Amino acid sequence: MKMIRFTVTQKHIDNGIPLTGKMCPIALALNDKFPQAYISVISQSILVNDILYKTSQKLMEFIWKVDQGRVVQPSTFQITRY
């Protein structure tokens with residue numbers, strides 16, 4: 001997969017844990033899309049199994065807001081394979 005498109009829902013936002021790479025809203029959304037995958041999120045990249053994807057500026061800002069405890073809205077994002 002060269003690109004992954006996914007949506008972070010209000011459920012993911014409500015159940016996500018800020019400052020965690022495996023339980024944040026983005027990780028929860030990707031786990032819904034790929035239930036058997038290993039997911040790890042950091043601000044500039046996301047690991048899906050053994051494939052590294054780069055995050056967009058929009059997604060990095062979303063991650064930052066979540067980690068700072070700011071209000072975020074459900075959004076759709078794309079990540080691209082390095």
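Refer to the structure above for everything that follows.
Quick look at the structure, then. (Residues numbered from 1 in each chain as written. Predicted model: local features only at pLDDT ≥ 70, side-chain atom pairs only at ≥ 80, totals over all residues. Heavy atoms only, no water.)

## Digging into the overall build of the chain
Per the secondary structure count, the chain includes three helices and five strands. What you see for the chain is a C-alpha radius of gyration of 11 Å, in line with the 12 Å of a compact globule of 82 residues. With respect to the three principal axes, the spread of C-alpha positions in the chain is 30 × 25 × 20 Å. Going through the 82 residues of the chain one by one, you find that 38% of them count as buried. For the chain, long-range pairs separated by at least 24 residues make up 45% of all intrachain contacts whose partners lie at least 6 apart in sequence. (Helix = DSSP H or I, 4+ residues; strand = E, 2+ residues; numbered from the N terminus. Rg over C-alpha atoms; globule rule 2.2 N^0.38 Å. Buried < 20%, exposed > 50% of the residue type's maximum accessible area, 1.4 Å probe, protein only. Contact = heavy atoms within 4.5 Å.)

## Quick notes on the pairing of strand β1 (residues 3-8)
Only one face of β1 is covered, namely the face carrying I4, F6 and V8; the face carrying M3, R5 and T7 is uncovered. Sheet topology places β1 next to strand β5 (residues 75-81); six bridges connect them, and they run antiparallel. Note that in β5 the partner of R5 across the bridge is Q78. (Pairing = 2+ DSSP bridges.)

## A look at helix α2 (residues 25-33)
All of the buried residues along α2 are P25, I26, A27, L28, A29 and L30. Against β1, α1 (10-15), β2 (39-41), β3 (45-48), α3 (57-67) and β5 lie the buried residues of α2.

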